[in-house]
There are 2 protein chains.
Amino acid sequence: MYGHQSVRLLPDDYPQFFDRASGAYLWDVDGNRYIDYMCGYGPNLFGYGQLDIDAAYIDRMKQGDTMTGPAGLMVELAEQITALVTHADWAMFCKNGTDATTMAMMIARNHTRRKTIVLAKGAYHGAAPWCTPLRNGVVPSDRAHQIFYDYNDVESLEAAVREAGDDLAAVFASPIKHDTFVDQQDLDPAYAGRARELCDETGALLIVDDVRAGLRLARDCSWSRVGVQPDLSSWGKSIANGHPISALLGAEKARAAAATIYVTGSYWFSAAPMAASLATLKMVRETDYLERTQILGERLRSGLDEAAIRHGFSLRQTGPAVMPLIMFDDDPGLGKGYLWNDALMKRGVYFHPWHNMFICAAMTEKDIDDTLQASDEAFKIVRDAGAIPPVEKLAVLSKLTNAD
Amino acid sequence: MYGHQSVRLLPDDYPQFFDRASGAYLWDVDGNRYIDYMCGYGPNLFGYGQLDIDAAYIDRMKQGDTMTGPAGLMVELAEQITALVTHADWAMFCKNGTDATTMAMMIARNHTRRKTIVLAKGAYHGAAPWCTPLRNGVVPSDRAHQIFYDYNDVESLEAAVREAGDDLAAVFASPIKHDTFVDQQDLDPAYAGRARELCDETGALLIVDDVRAGLRLARDCSWSRVGVQPDLSSWGKSIANGHPISALLGAEKARAAAATIYVTGSYWFSAAPMAASLATLKMVRETDYLERTQILGERLRSGLDEAAIRHGFSLRQTGPAVMPLIMFDDDPGLGKGYLWNDALMKRGVYFHPWHNMFICAAMTEKDIDDTLQASDEAFKIVRDAGAIPPVEKLAVLSKLTNAD
């Protein structure tokens, strides 16, 4: 198994293959049911198998899906998504989040006729040679013209921009700091504002990579929460509730550059995922999913904090409540976290020890309360285990980096 | 419109948006019906909306599609596709053809710990910065470590391999020469055999990019027709009859290198396209689609040749009969071709003037005969037009190149 869904770096007993999914639940091939806090690593926003969205997919599929040209609803989807996202004046659709971030890089270079991109250390922007977190199969020229800064750190960003000099094509930024293995951080408005200023001063494009967090923090680009608008934003995962489509959205000033790069893919113009995305955007506009997942996330967070204290532990619950990362204090080798996650998994709760999780709109208060009850037993197990050694399989992590 | 489905470089009246597709037919948004010889630029092998394949997709979608891990049928699909393709001992699934060719490059570099790849001039291997045919947004380092040779030319290939010296990681090859704007060429067995020898001598990996032609020329890798087995082959388009999945297949010796690169995508592990691919492979094994499309393609080819001669024209019909490219002799500016294609389009036949076309298994002898009848009228129009100027919009082509 390759990629982000490999369980190689998860606790030993985590299931690799799943049989079935419905709403907030997942069943592995041995028939065990889980409340799934990974949501397909992001795509599941309104529940697995959401009926309206899937019906839109099936209806459009029967009418014509992957054809010799797009269906008219490609225009409708472009109009609806640019109406939702403040900074966006145009849209391009693709398949992978990596497609969208790679297009963003190409458009910025084409727009500015410059080469250098500035990125936050440890941020994930996809798995192509220019950005994949592991260096195997990557050659140094794949990573040429890249300068790294510390997320949320204005001085570090300024230094990177200074280093790029007159070759700065783009500043890449995640919507929040949602790196793996470390605490998450919400966006610092001072950093966001300064990134905008620096791009305006230099003529570079500001790119927010909203593939993972898009539609989970706002019904708009995630940076709209602090009033900062990027020039380009990349989207995927939740925009069609799991059906295969991603998107790059852009401001008017980048339109000409976007129109003159050559990017494409066999299924980029398929109609069925676009129909599913239209149905998803309707639910985004017309339901209280954003507020509801927020409340559920806070219920989980406060409940876990209470349970932890009761058992003598202290948790670091970082990031937005709808995209929680939960780690133990005093657990540098992640031993406690692995044992706790493993115990939860065996009690029907699918948590992740080092990647942010997701709350979906199909979850209920009862799901959260069931999770809290399972966590209580899991805390007991960790407490009874006493001293726990570091997780051996994580030694491989020394190789995982996207910054030099 | 961006990408391969933009009609920007097609005759002016070609429709950009389609409403509906069924079997061998396509309807544009104005309700005009076409016999579609583009087949979605390849994916449509068994007919648009093929019922068994689509039912497999829908059933699996309802059970669980994009989940937190793959379904068990990922293993089944890997087993079935490696059983079909002689050289393949393992499979990795992805979304774009470009994903598969990029993975092939990374695996070859990881396997050999070398950098240089050798490619045929003018061959299309995708639309990422390292391979996209247009240079806008691409920087020179994206194209580092690339050496080009002439397809089917043993001496040219040998020179490129010599130039790579001890840094040769891979030789890329198309299954046939199916470049745009120029005559196609079938594979020369001497070239294929020498490519295999050179890779064996140097330890480089031989990669056949079967994304476009896969399953159309053989129920195996296309190079199996001349008895040459690559180390890696990329697949897509027809392997799920239009549902979004592509694949990289590899030989045992490349397994370790494949297992240690980090590649992934949000929807790469989705179950529904894998179910559709299993249903497609069943039809590949159990029907005479390969022989039938061959007969239909030959009927079209000989009928068009006869009609052309009758009207005083001479055609260059190149490539395999199931993937025809049709151009006029004495038509360097493509004026005749554009007029002829436009006339066909207006008579319900969707041909392409400079990209290979496809015969699908849903076509019938009557479709071919209707096409021939329409072509007769189209030839008359070209004959009556007299001298035709070169196509102005193709001036942009001077920019289209993937070789230095």
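Note that the structure is predicted; figures quoted are calculated from it, not measured.

(A) Spotlight on the pairing of strand β3 (residues 33-36) of chain B. All names here are of chain B. As defined by bridge partners, strand β2 (residues 25-28) adjoins β3 across three bridges and the pair is classed as antiparallel. Looking at the pairing, Y25 lines up with I35 of β3. The turn linking β2 back onto β3 is made up of four residues, and G31 within it adopts a positive phi angle of 90 degrees. Alignment of β3 against strand β13 (residues 349-350), held across two bridges, turns out to be parallel. By the bridge assignment for β13, I35 is matched with V349.

(B) Main features of the relation of the copies chain A and chain B. Aligned on chain B, chain A shows an RMSD of 0.0 Å; the corresponding rotation is 180 degrees and the shift along the axis is 0.0 Å. What the superposition gives is, in effect, a two-fold axis relating one chain to the other. Relative to the rotation axis, the C-alpha of S141(A) is the closest in chain A, positioned 2.7 Å from it. Most of the interface of chain A is mirrored in chain B, where 100% of its interface residues are also at the interface.

(C) Spotlight on the domain arrangement of chain A. Residue and element names in this part refer to chain A. Splitting chain A by domain gives domain 1 (18-49 + 288-399) and domain 2 (51-286). Each of domain 1 and domain 2 has a C-alpha centre, and the two are 27 Å apart. If you look at the interface, domain 1 gives 31 residues, while domain 2 gives 26 residues. Summing both partners gives a buried area of about 2500 Å² for domain 1 against domain 2, and 59% of it is carried by carbon and sulfur. For the interface between domain 1 and domain 2, the tally reads two salt bridges. Our enumeration of links across domain 1 and domain 2 arrives at 15 residue pairs in polar contact (both at pLDDT 80 or more). Those elements that provide at least two residues to the side of domain 1 that touches domain 2 are α8 (289-310), β11 (315-318) and β12 (325-328). At three residues, the largest contribution of residues to the side of domain 1 that touches domain 2 is made by α8.

(D) Examining the environment of T82(B) more closely. Residue and element names in this part refer to chain B. Of note, T82 is situated in helix α2 (residues 73-84). Separated by 172 residues in sequence, T82 and A254 have C-alpha atoms that sit 14 Å apart. In contact with T82, not counting residues within four places along its chain, are A88, D89, W90 and A91. Within the structure, T82 has its side chain in polar contact with the backbone oxygen of A78 (distance 2.7 Å).

(E) Quick peek at the interface of chain A and chain B. Each side of the interface is counted separately: chain A has 86 residues, and chain B has 86 residues. Taken as a group, Y2(A), T68(A) and Y262(A) account for 13% of the area that chain A buries against chain B, more than any other trio of residues on that side. Where chain A touches chain B, the interface holds two salt bridges. Remark: the boundary between chain A and chain B carries 41 residue pairs in polar contact (both at pLDDT 80 or more). Elements with a contribution of two residues or more to the side of chain A that touches chain B: β1 (18-22), α1 (51-63), α2 (73-84), β4 (90-94) and α3 (97-112) of chain A. The leading source of residues in the side of chain A that touches chain B is α3(A), at eight residues.

(F) Expanded view of helix α10 (residues 365-385) of chain B. All names here are of chain B. Helix length check: α10, at 21 residues, gives a terminal C-alpha distance of 30 Å against a target of 30 Å (1.5 Å per residue), a fit within 8%. Taken residue by residue, α10 has D367, I368, T371, L372, A374, S375, D376, A378, F379 and V382 as its buried positions. Remark: G386 follows α10 within two positions and exhibits a positive phi of approximately 70 degrees.

(G) How the structure looks around the packing of α8(A) against helix α10 (residues 365-385) of chain A. All names here are of chain A. Relative orientation of the contacting elements α8 and α10 amounts to 20 degrees, with a least axis distance of 10 Å. Compared by their axis directions, α8 and α10 come out roughly parallel. Here α8 and α10 pass one another in a crossing that is right-handed. Contact with α8, carried on its side by L296, R299, L300, G303, L304, A307, A308 and R310, involves E365, I368, D369, T371, L372, S375, D376 and F379 of α10 and no other residues of that element. Among the residues making up the contact of α8 with α10, the classes are represented as eight nonpolar, three polar and five charged.

(H) Summary view of the packing of helix α4 (residues 154-164) of chain A against helix α5 (residues 189-202) of chain A. Residue and element names in this part refer to chain A. Look at α4 against α5: their axes get within 10 Å of each other, and the N-to-C directions meet at 20 degrees. As judged from the angle between their axes, α4 and α5 are roughly parallel. Along this stretch, α4 crosses α5, giving a crossing that reads as right-handed. Across from V154, L157, E158 and V161 in α4, the residues of α5 making contact are A190, Y191, R194, A195, L198 and T202. Looking at the contact of α4 with α5 residue by residue, the class counts come to seven nonpolar, one polar and two charged.

(I) A look at helix α5 (residues 189-202) of chain B. Residues and elements named next belong to chain B. For α5, with 14 residues, the first-to-last C-alpha span of 20 Å sits near the 20 Å given by 1.5 Å per residue. The set of residues buried in α5 consists of Y191, A192, R194, A195, R196, L198 and C199. The inward-facing, buried residues of α5 abut β6 (146-149), α4 (154-164), β7 (168-173) and β8 (205-209). Between the side-chain oxygen at the start of α5 and the backbone nitrogen of A190 there is a gap of 2.8 Å, and the oxygen is on D188.

(J) Expanded view of the pairing of strand β1 (residues 18-22) of chain B. All names here are of chain B. Sheet topology places β1 next to β2; four bridges connect them, and they run antiparallel. Across the sheet, residue S22 finds its bridge partner in β2, namely Y25. What sits between β1 and β2 in their antiparallel hairpin is a turn of two residues, with G23 showing a positive phi close to 60 degrees.

(K) Region of interest: the environment of I207(A). Residues and elements named next belong to chain A. By the element assignment, I207 lies in strand β8 (residues 205-209). By relative accessible area, I207 is classed as buried at 0%. Distance in space between the C-alpha atoms of I207 and S233 is 5.5 Å, their sequence separation being 26 residues. Here I207 is in contact with A104, M105, A108, A170, V171, F172, A173 and L232, once residues within four sequence places are set aside.

(L) Region of the structure containing the sheet that holds β2(B). Residue and element names in this part refer to chain B. Reading across the sheet, the four strands line up as β1-β2-β3-β13 and stay open at both edges, with mixed pairing between neighbours. Whereas interior strands pair on both sides, the edge strands pair on one side only; in this sheet they are β1 and β13. Sheet strands touched by α10: β2, β3 and β13. Its angle to β3, the strand with the most contacts, is close to 110 degrees.

(M) Highlighting the sheet that holds β1(A). In spatial order, the strands read β1-β2-β3-β13 (chain A); together these four strands make up an open sheet with mixed pairing. Two strands lie at the open edges of the sheet, namely β1 and β13 (349-350) of chain A, each paired on one side alone.

Reading guide: rules and limits
- Residues numbered from 1 in each chain as written.
- Chains lettered and ligands numbered in written order.
- Predicted model: local features only at pLDDT ≥ 70, side-chain atom pairs only at ≥ 80, totals over all residues.
- Heavy atoms only, no water.
- Pairing = 2+ DSSP bridges.
- Helix = DSSP H or I, 4+ residues; strand = E, 2+ residues; numbered from the N terminus.
- Least-squares fit on C-alpha atoms with pLDDT ≥ 70 in both.
- Contact = heavy atoms within 4.5 Å.
- Domains from an automatic or database assignment.
- Buried area = accessible area lost by both parts, 1.4 Å probe.
- Salt bridge = Lys/Arg side-chain N within 4 Å of Asp/Glu carboxyl O.
- Polar contact = N/O pair within 3.5 Å; in protein donor to acceptor, adjacent residues only side chain to side chain.
- Expected span 1.5 Å × (residues − 1).
- Buried < 20%, exposed > 50% of the residue type's maximum accessible area, 1.4 Å probe, protein only.
- Axes fitted to C-alpha atoms, helices over the stretch in contact; angles between N-to-C directions.
- Parallel < 35°, antiparallel > 145°, perpendicular 65-115°, else oblique.
- Left-handed = near helix turned anticlockwise from the far one by under 90°.
- Nonpolar A, V, L, I, M, F, W, Y, C, P; charged D, E, K, R; others polar.

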